[in-house]
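Now for the letters of each chain:
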Amino acid sequence: QVQLVESGGGLVQPGGSLGLSCAASGSIFSVYAMGWYRQAPGKQREMVAVISGASTSYGDPVKGRFTISRDIVKNTVYLQMNSLKPDDTAVYYCYAAISMRSASAPSDYWGQGTQVTVSS
């Protein structure tokens, strides 16, 4: 099995910064992509940022403020969030596309979620 363990999150004032990290562990053969999604109360889950190889993608609301990075050796993904706004308040979920054996298509895995609250 595969586990995603998130850390970081919490309460921050508008304009502040916060970092998230997520480590994947378990029966991992290959990691195709890792990233972050978020879900605010009453809203659908949306993509925040995804990294696959050297390619990164960002949701429009966070472009220019958030940065995603990855440590391939540690199977860990990071999200640096700057210039945070109250609209960034949400539960942030780690995501990974991982295959557990050779020639096997990747499956999607999710972390348990971590709360980020931006408020004065």
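Preceding block: the structure.
Everything numeric here is computed off the predicted structure, so don't read it as measured data.

So, how was this worked out
Residues numbered from 1 in each chain as written. Predicted model: local features only at pLDDT ≥ 70, side-chain atom pairs only at ≥ 80, totals over all residues. Heavy atoms only, no water. Helix = DSSP H or I, 4+ residues; strand = E, 2+ residues; numbered from the N terminus. Rg over C-alpha atoms; globule rule 2.2 N^0.38 Å. Buried < 20%, exposed > 50% of the residue type's maximum accessible area, 1.4 Å probe, protein only. Contact = heavy atoms within 4.5 Å. Areas by Shrake-Rupley, 256 points an atom, 1.4 Å probe, with all protein chains shown as cover. Core = buried A, V, L, I, M, F, W, Y, C linked by side-chain atoms within 4.5 Å.

Chemist: Can you walk me through the overall build of the protein in this structure?
Modeler: A tally of helices and strands in the protein yields 0 helices and 11 strands. Listing every helix and strand of the protein by position from the N terminus yields β-β-β-β-β-β-β-β-β-β-β. For the protein, the C-alpha radius of gyration of 14 Å lies close to 14 Å, the compact-globule estimate for 120 residues. Structurally, the protein occupies a C-alpha span of about 50 × 25 × 25 Å along its principal axes. Going through the 120 residues of the protein one by one, you find that 41% of them count as buried. Intrachain contacts of the protein at a sequence separation of at least 6 include 57% that bridge at least 24 residues. Of the accessible surface of the protein, which amounts to about 6200 Å², a share of 49% is contributed by carbon and sulfur atoms.

Chemist: Would you mind showing me how to read the nonpolar core here?
Modeler: The tendency in soluble globular proteins is for nonpolar side chains to be buried side by side. If you look at the biggest cluster of nonpolar residues, it comprises 29 residues, and the most contacted ones within it are W36, L79, M81 and Y92. When residues of this core are traced back to their parent elements, those giving at least two are β1 (2–8), β3 (18–26), β4 (30–39), β5 (46–52), β7 (66–71), β8 (76–81), β9 (90–99) and β11 (114–118). It is β9 that provides the largest number of residues to this core, a total of 5 residues. The contacts of L79, once residues within four sequence positions are left out, are L18, G19, L20, W36, V48, A49, F66, T67, I68 and Y92.

Coordinates in, geometry out; function isn't part of it.
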